[in-house]
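Per-entry structural report
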Amino acid sequence: SATISLPVTVNVDKLDSLLKDLEADGKDSVDYAVVTEFNDNSMLTPESFNLQVSKKLPLVKFPEIQIQNLKVSHIGVKNTEIEVTSNIENPNVFSVGLQDIHLQLQLDDNKVLKGTKEGNIELPSNSTTPTSFTFSIALDEAFKSLIDLIKEGKDLEFSLNMDADLVSDQTILKDG
């Protein structure tokens with residue numbers, strides 16, 4: 001016997017749309033399937049075989065983030081900090097965590113500001129968890145963003161994108 005580990009790429013936007021449709025239909029579990037074809041060209045006569053694995057597991061819903069407040073928490077010549085407070089909703093019936101969090105904040109049409117949040121954020125099941133993120137940037141990079149933030153205040157348009165690893169004790173999110 002042998003074990004073969006293969007990377008799997010998932011289009012998160014399509015998966016999220018499909019999961020929302022299933023949830024709207026009242027589904028609480030779904031058959032997840034991986035279908036692949038293996039080719040072995042190392043022999044004189046190439047061989048191939050198909051593999052399909054499926055398992056009925058709970059419907060996984062992606063956590064959602066809602067921005068509550070955006071403010072300049074420190075202005076300095078070398079370092080300026082923008083603090084974003086938010087709520088992260090976990091709509092699942094099981095707890096999950098977010099780790100290796102990378103953030104991109106864009107204020108109006110200004111330069112994209114990047115940041116990270118160290119550690120792990122625990123999100124209990126069916127709950128909303130308040131959290132904050134701080135972006136540290138050089139003042140010369142942030143000048144136009146800060147002017148817009150101060151001038152427009154609550155009317156400032158912004159977007160926050162977050163990339164993170166979803167971690168859980170649930171089999172579907174581990175090696176199931």
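Throughout what follows, the structure given in this document is the object of discussion. In this text, all values refer to a predicted model and were calculated from it rather than measured experimentally.

1. Regarding the nonpolar core
- Among the nonpolar cores identified, the biggest contains 18 residues, and Ile82, Leu105, Phe133 and Phe135 are the most heavily contacted of them.
- Of all the secondary-structure elements, those providing two or more residues to this core are strand E4 (80–90), strand E5 (96–107), strand E6 (113–123) and strand E7 (127–137).
- When residues in this core are grouped by element, the largest group, six residues, is from E5.

2. Topic: the pattern of salt bridges
- One pass over the structure, following the stated rule, counts three salt bridges.
- Between Glu64 and Lys20 there is a salt bridge whose closest N-O contact spans 3.8 Å. Separated by 44 residues along the polypeptide, Glu64 in strand E3 (residues 64–74) and Lys20 in helix H1 (residues 12–24) bring together distant segments of the chain.
- Exposure remark for Glu64: the relative accessible area of 39% places this residue in the partly exposed category.
- Residue classification places Lys20 among the partly exposed positions, given a relative accessible area of 41%.

3. Focus on a nonpolar patch on the surface
- The grouping of Val34, Phe49, Leu51 and Val53 at the surface amounts to a nonpolar patch, some 350 Å² of accessible area in total.
- Residue contributions to the nonpolar patch peak at three residues, all from strand E2 (residues 47–58).
- Looking at where Val53 falls in the secondary structure, it is placed in strand E2.

4. Quick look at the sheet that holds E6
- Taken together, three strands build an open sheet; the order of strands is E6-E5-E8 and the sheet is antiparallel. At either end of the open sheet lies a strand with only one pairing partner, and these are E6 and strand E8 (158–167). Across the sheet, the mean angle from the axis of one strand to that of its neighbour is 20°, orientation sign disregarded.
- Here E5 runs beside E6; their pairing, made up of nine bridges, is antiparallel. Bridge pairing in E6 links Ile101 to Lys117.

What counts and what doesn't
- Residues numbered from 1 in each chain as written.
- Predicted model: local features only at pLDDT ≥ 70, side-chain atom pairs only at ≥ 80, totals over all residues.
- Heavy atoms only, no water.
- Core = buried A, V, L, I, M, F, W, Y, C linked by side-chain atoms within 4.5 Å.
- Buried < 20%, exposed > 50% of the residue type's maximum accessible area, 1.4 Å probe, protein only.
- Helix = DSSP H or I, 4+ residues; strand = E, 2+ residues; numbered from the N terminus.
- Salt bridge = Lys/Arg side-chain N within 4 Å of Asp/Glu carboxyl O.
- Patch = residues over 30% accessible without salt bridge, like charges linked within 9 Å, V, L, I, M, F, W, Y side chains within 5 Å.
- Areas by Shrake-Rupley, 256 points an atom, 1.4 Å probe, with all protein chains shown as cover.
- Pairing = 2+ DSSP bridges.
- Axes fitted to C-alpha atoms, helices over the stretch in contact; angles between N-to-C directions.

So yeah, pure geometry; function would need other evidence.
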